[in-house]
Amino acid sequence: MAGKGTPGYLIALYVVGMLVTGTMNTLLQKIQFTMTSIGINGKPELFQKPWFATLNMLFAMGLVGVVDKFVRMSSKQSEKEVPLMIDEAPVAGGNNGRTGELSYRMKVLIVSVPAAFDIAATALCA
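Now for a description of the structure that goes with this document. (Residues numbered from 1 in each chain as written. Predicted model: local features only at pLDDT ≥ 70, side-chain atom pairs only at ≥ 80, totals over all residues. Heavy atoms only, no water.)

**Side note on the overall build of the chain**
Point 1. What the chain contains, in helices and strands, is four helices and two strands.
Point 2. Listing the helices and strands of the chain from first to last along the sequence gives α-β-β-α-α-α.
Point 3. Per-residue burial over the chain gives 4% buried out of 126 residues.
Point 4. With an accessible surface of roughly 11100 Å², the chain has 68% of that area assigned to carbon and sulfur atoms. (Helix = DSSP H or I, 4+ residues; strand = E, 2+ residues; numbered from the N terminus. Buried < 20%, exposed > 50% of the residue type's maximum accessible area, 1.4 Å probe, protein only. Areas by Shrake-Rupley, 256 points an atom, 1.4 Å probe, with all protein chains shown as cover.)

So this is what it looks like as structure tokens:
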């Protein structure tokens, strides 16, 4: 790959950030799913899946989209031309893997379908 590589401190920061946010997500979901409250009959009841867990997941997914858009807008034009990750999977038909390359918009649309089902299932099962 041509050009500069990602600095080691930045990779370490990304890994630590991923570990911290993943751990916090797991712990917060555990706390949310084990909360109890006094029910209508006066007895403590366990929340099955509180609505704010669904709201939390929806907010987090939306926030990732906003951050991604901000990062893409704030990067220099020359950085936009170099992909962050290179897809080295062979494309049917050969031609150095350039003929079947999908646009960013098409990739977003492809990922949006299962994401929409995920959000719908989360909302319906809550």
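**Things to note about the layout of surface pockets**
Leftover empty space is mapped by rolling, across the atoms, a probe with the size of a water molecule.
Point 1. Estimates place the volume of the second largest pocket at around 340 Å³.
Point 2. Around the second largest pocket, the lining residues are T21, N25, Q29, A53, N56, M57, F59, A60, M61, L63 and V64.
Point 3. When contributions to the lining of the second largest pocket are tallied by element, the ones reaching two or more residues are α1 (8-33) and α2 (51-74).
Point 4. No other element matches the eight residues that α2 contributes to the lining of the second largest pocket.
Point 5. Taken together, the residues of the lining of the second largest pocket sort by class into seven nonpolar, four polar and no charged. (1 Å grid on protein atoms, 1.4 Å probe; cavity = no way out; pocket = protein on both sides within 12 Å on 5 of 7 lines; lining within 4 Å. Points joined across faces, edges and corners; volume = space filled by probe spheres on them. Nonpolar A, V, L, I, M, F, W, Y, C, P; charged D, E, K, R; others polar.)

**Things to note about the environment of F47**
Point 1. Locating F47 in the fold gives a position in the loop between β2 (44-46) and α2.
Point 2. Between the C-alpha atoms of F47 and T34, which are 13 residues apart in sequence, the distance is 6.9 Å.
Point 3. Setting aside residues up to four positions removed in sequence, F47 forms contacts with F33, M35 and S37. (Contact = heavy atoms within 4.5 Å.)

**Looking at a nonpolar patch on the surface**
Point 1. A contiguous nonpolar surface patch, about 690 Å² in accessible area, is contributed by V16, V20, M24, L27, L28, I31, M35 and F47.
Point 2. Within the fold, L27 resides in helix α1. (Patch = residues over 30% accessible without salt bridge, like charges linked within 9 Å, V, L, I, M, F, W, Y side chains within 5 Å. Salt bridge = Lys/Arg side-chain N within 4 Å of Asp/Glu carboxyl O.)

**Quick word on the packing of α1 against α2**
Point 1. Contact geometry of α1 with α2 gives a least axis separation of 9 Å together with a crossing angle of 160 degrees. In this view, α1 runs roughly antiparallel relative to α2, as classed from their interaxial angle. With respect to the hand of their crossing, α1 and α2 are arranged in left-handed fashion. Between α1, through Q29, Q32 and F33, and α2, the contact on the second element is made entirely by F52, A53, N56 and M57.
Point 2. Looking at the contact of α1 with α2 residue by residue, the classes come out as four nonpolar, three polar and no charged. (Axes fitted to C-alpha atoms, helices over the stretch in contact; angles between N-to-C directions. Parallel < 35°, antiparallel > 145°, perpendicular 65-115°, else oblique. Left-handed = near helix turned anticlockwise from the far one by under 90°.)

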